[in-house]
Structure formats: structure tokens, C-alpha cells
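# Fold and contact review
Chain by chain, the residues run as shown.
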Amino acid sequence: MRGVFGRLNTRRAGSWLKRSALVSMAILLPLGVSVAGPAGPAAAAFNPDGFDFWVDSEMGPIKNRVFRAADGNTSRVVYALDGMRARPDLSGWEVDTEVVRELTKWNMNVVMPVGGPSSFYADWNGPSNFFGLGSAGSSSTGSANSGSGNSGSGLLSGSAGMGKSNTYKWETFLTRDLRNALRDRLGFSPSGNAVFGLSMGGSAALTLAAYHPDQFRYAGSYSGYLNISAPGMREALRVAMLDAGGFNIDAMAPPWGPQWLRMDPFVFAPRLKANNTRLWVSAGSGLPSAADGLSFNTVNAMGLEALALANTRAFQVRMATLGANNATYDFPAVGVHNWTYWADEVYRMIPDMSANIG
């Protein structure tokens, strides 16, 4: 009988997941299918000015790319966080932009953690699986430091690996393991740092600054999802994480519990005000420029940016109601969900960030 009930429960759970995914798809279809963003072809633009910096963690060895400040200082440190399709070899900031060259010219040391697709750079509850099983088409084992599926090839895609054969512990890594290794091995200051990111990384940047103000006095969010408890957002993110590597949002945090609310910038906004964290928060209008051309990717990126804009505007209103005056907001008249606009935003932010770190 136990086996019969077990099979019934599994069927019910599977039916629930299918219904949930269908609801999520209904929410996202008008927005371009997935908030993970278009993958887009890209050749790795390896920058020889940087070097690989490996650090042990609870997840296994983690690769980071480090670029030294032009003047050789060790007091001005900036962490650049990737998006939901983070690759296992190089950060998108290195692959798709040239911002690091400008940052180092401004005498800032740049640290780019590599990997962590769909992680939100959070400490998860457990390995990502579905009812005790690995993602469809994947095995239940994998190297702790192997790349997880980041091709965004479809629902329940992706192979076993980091975050699946073990548990994502990215917040612990960034605020303890990497922080200490940079201090002990490179002499980098462990306090007064900056952190910025796009999309998933933008949300995470504000989270890290809110709960680790001694480490991060400056945070930047570009096209971030800053109101994740808004109606429909959890299911939107569910589909995005399935698409960007086959990750299960329920393994990250239960719905509407303390851990989920802890990740929501709209909820923890009072912390950012109390910490007096200097913030740079932006999102595009969702309108493309002539250079974007007309394609499915452009239409997708328009919808994604419209969602990010709604989230970001909600966060702006929340901060205003708190009387917070520690944020700069930038809402360009043209801009969709892609690297060109995120790079432009970095260049606009650099003077303010440079004046507020180190």
C-alpha cells in the first residue's frame, strides 16, 4: 500500500508541477517566454589582462577572474555578477562587454565570479531536483565544479553538476570564502567594496549589500528583478530557471517563507536605507534602438526589460516611501534586455561608484 500511495503522491506532485509550469508559461508568453533572457551566440572574448583565481567552497572549487587596478592599489574592489545564463568558463561581463578595461583605468580591482546559472547568488535549501530526481535527461551525479546546463535549451534541460549534485551556497562563497581568499592571497581590502550585476545579478547585488554592509558599501542593479513577491513573479522565475539550465526554484527557497522574503529587495529595502548603502538602480524602457534590428531576440528582450522596469519602478516607489535618498535611478528612454545597454549603464555609473568605494 505504501508503494501505491507513494506513486499517487508522485503523480499528484507531477501534476502540480505541470499545472504550475503552464500557469507560468501563460504569464510569460506575452513577455517573450522566459525572464532568463535570450542566450544569443557569443564567442568568448577572453581578456589576457585578467587571471584565473580559484577558491575552494562548499560547492567545490570556484573559478573567478581578477583584473588588477591600473595603479596597483588593493583597497578599491568591485565584484561583477552575471545573469541567469552564467557560463562555466567566463563571465558574461568579459565575454560580451569591455567594461573591465574602463573599470581598471579608474583604478578599481575587478572580481568576476564564474558560473552559478539560475543561482541568484543565494544559499539554497538543497540540491536542485524534482521530487528527489535529477533534471530530465540528466544523471544524478556530477563533478562538483562542472558547468551546469546554461544553454537555456528548454524546460527541464541541463545536466547534473553544481547546484544539482550539491547545494548552491553562493552567498556564503562571496561573503566568506572569496572575500577571505582575496584578502589573504592578494591583499585586497575585505570592506568598503562595490558589487553590481544584471538581471539575476542585479537582484543579488542588492541582497549582498543589504545583509553584508561591512563588505559592500556600494551596489548596482541593472534590469534587476527587485519585487519578486509581486503577483506572478515566482512563477515567472520558475519558468526562467527551468529554461536557464533546468533548475527548480523550490530548491532555492520555499514560497513566501522567510528565506524567500529575505531575497526580495522590495521587502528588505529598509535595510538598504538603514545601511546608507550607495545604490545605482536602472532599467531600460523596453524600446529598442535601430541597432537592435527586428528579430525574435529583440522582441523577447523588449518584454523582459518591460518586466524588469516594472519591478525596478516598484522598488523605487518603495524606497521613496521610506524616505531613502541614497540611490541614483537611471531609466534610459531606449533600452532592452541585452549586454549593450548593461555595458552603457556601467560607464554611466563608474564616476559615482569610484567616488564611493575604497
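Above: the structure in question.
Reference entry: report on the structure contained in this document.

Reading the values: rules and limits
Residues numbered from 1 in each chain as written. Predicted model: local features only at pLDDT ≥ 70, side-chain atom pairs only at ≥ 80, totals over all residues. Heavy atoms only, no water. Salt bridge = Lys/Arg side-chain N within 4 Å of Asp/Glu carboxyl O. Helix = DSSP H or I, 4+ residues; strand = E, 2+ residues; numbered from the N terminus. 1 Å grid on protein atoms, 1.4 Å probe; cavity = no way out; pocket = protein on both sides within 12 Å on 5 of 7 lines; lining within 4 Å. Points joined across faces, edges and corners; volume = space filled by probe spheres on them. Pairing = 2+ DSSP bridges. Axes fitted to C-alpha atoms, helices over the stretch in contact; angles between N-to-C directions. Contact = heavy atoms within 4.5 Å.

### Some details on the pattern of salt bridges
The full count for this structure, using the stated rule, is 18 salt bridges. With its nearest N and O atoms 3.3 Å apart, the salt bridge here joins E58 to R176. On the criterion of sequence distance, the pair formed by E58 in the loop between strand 1 (51-55) and strand 2 (62-67) and R176 in helix 4 (residues 170-186) is long-range, its members being 118 residues apart. For the salt bridge of R238 with D250, the shortest nitrogen-to-oxygen distance reads 3.0 Å. Placement of the pair is R238 in helix 6 (residues 233-243) and D250 in helix 7 (residues 249-252), with a sequence separation of 12 residues.

### Here's the deal with empty space enclosed by the protein
A full pass over the atoms with the stated rule returns 2 cavities of 30 Å³ or more. Taken as a whole, the largest cavity spans an internal volume of roughly 70 Å³. Lining the largest cavity we find F120, Y121, A122, E171, S203, A204, T207, L208 and M263. The biggest single contributor to the lining of the largest cavity is helix 5 (residues 200-211), with 4 residues.

### Quick word on the sheet that holds strand 8 (residues 327-330)
One open sheet holds the 8 strands; their spatial order is 1-2-4-3-5-6-7-8, and the pairing between them is mixed. The two strands at the open ends of the sheet, each matched to only one other strand, are strand 1 and strand 8. With direction set aside, neighbouring strand axes in the sheet form an average angle of 20°. When strand 6 (residues 216-222) meets strand 7 (residues 278-282), the two strands line up parallel, connected through 5 bridges. Paired with Y222 across the two strands is S282, which belongs to strand 7. Of the strands in this sheet, strand 3 (77-81), strand 5 (193-198), strand 6, strand 7 and strand 8 touch helix 11 (residues 339-354), which is tilted by about 150° from strand 6.

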